[in-house]
Amino acid sequence: ETLKVRIPAGVEDGKSLRLRGKGLPPPGGGPAGDLHIKLQIPDHPRLRRRGKHLDLDVPITVGEAMRGATIRVPTPTGAVSVKVPAGATSGTKLRLKGRGVQASSGKGDLYLILRPTVPSTDDEDVLAAVDVIEAAYEGDVREGLEL
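The structure contained in this document is the topic of the report that follows. Keep in mind it's a predicted model, so treat the numbers as computed, not measured. All residue numbers refer to positions counted from 1 along the written sequence of the respective chain. Reporting in this predicted model follows two pLDDT cut-offs: at least 70 for local features of residues, and 80 or more for side-chain atom pairs to be given and counted; totals over whole chains, interfaces and linings ignore these cut-offs and use all residues. As a convention, hydrogens and water are excluded, and side-chain values are obtained from all of the structure's heavy atoms.

Turning our attention to a negative patch on the surface. Like charges are joined within 9 Å and nonpolar side chains (Val, Leu, Ile, Met, Phe, Trp, Tyr) within 5 Å, but only among residues with over 30% relative accessible area and no salt bridge; these make up the patches. In these tables, accessible area is a Shrake-Rupley quantity obtained with a 1.4 Å probe, and a residue counts as shielded only by the protein chains included in the view. The term salt bridge refers to a pairing of a side-chain nitrogen on Lys or Arg with a carboxyl oxygen on Asp or Glu at a separation within 4 Å. The sign given to each residue is positive for Lys and Arg and negative for Asp and Glu; His and the chain ends receive no count. Where a charge lies is defined by one atom per residue type: Lys uses NZ, Arg uses CZ, Asp uses CG and Glu uses CD. A grouping of Asp122, Asp123, Glu124 and Asp125 is seen on the molecular surface, where their side chains present a negatively charged patch. With respect to the helices and strands, the residue Asp125 is situated in helix α2 (residues 124-135). Asp125 gets classed as exposed once you look at its relative accessible area, which sits at 64%. Secondary structure elements are defined from DSSP: runs of H or I of at least 4 residues count as helices, runs of E of at least 2 residues count as strands, and each element is numbered from the N terminus. The buried label applies to any residue whose accessible area, calculated with a 1.4 Å probe on protein chains only, is under 20% of its type's maximum; exposed applies above 50%, and partly exposed to all values in between.

The structure is reproduced here in structure tokens:
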């Protein structure tokens, strides 16, 4: 028998659905039992789920991280413009309220995790600019890093 099953919005991996009366009857006869379906939700290639909240790594340029910028990012409900604060570091989180999983218990949030990326280049002007940036650091950035 083919069954149509309604999957609730926001259901999590490993949850079970019970379909009453759609299982097998007991060996001695009687009414059919229940059918239990265990759901397997595949991982998204870019989004990570935490309950009803989602995380998305967003690459940004070094200039966007240092100066701040307005960038366009995709969300499950459509692309939006987001303001990157000046001085953003790798791992800075920006919250987009209500853009996460649309669950029966309410809407989750989408967290954008900023990931500044460096260009891959041998251009001498770019490397000279890196020297200027390196000179702007005060002290050792790994000072106090211990295990």
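Take a nonpolar patch on the surface next. Residues Leu3, Val5, Ile7 and Leu35 make up a contiguous nonpolar surface patch of roughly 260 Å² in combined accessible area. Take Leu35: its relative accessible area is 30%, and that puts it in the partly exposed class.

Our focus in this paragraph is the nonpolar core. The biggest cluster of nonpolar side chains holds 20 residues, and the ones touching the most others in it are Val58 and Leu112. For this core, the element with the highest residue contribution is strand β4 (residues 53-61), accounting for 4 residues. Any pair of residues with heavy atoms lying within 4.5 Å of one another is described as a contacting pair. Filtering out sequence-adjacent residues up to four positions away, Leu112 remains in contact with Leu56, Val58, Val73, Val82, Thr92, Lys93, Leu94 and Leu96. Buried residues of nine kinds, namely Ala, Val, Leu, Ile, Met, Phe, Trp, Tyr and Cys, make up a nonpolar core once their side-chain atoms join them within 4.5 Å.

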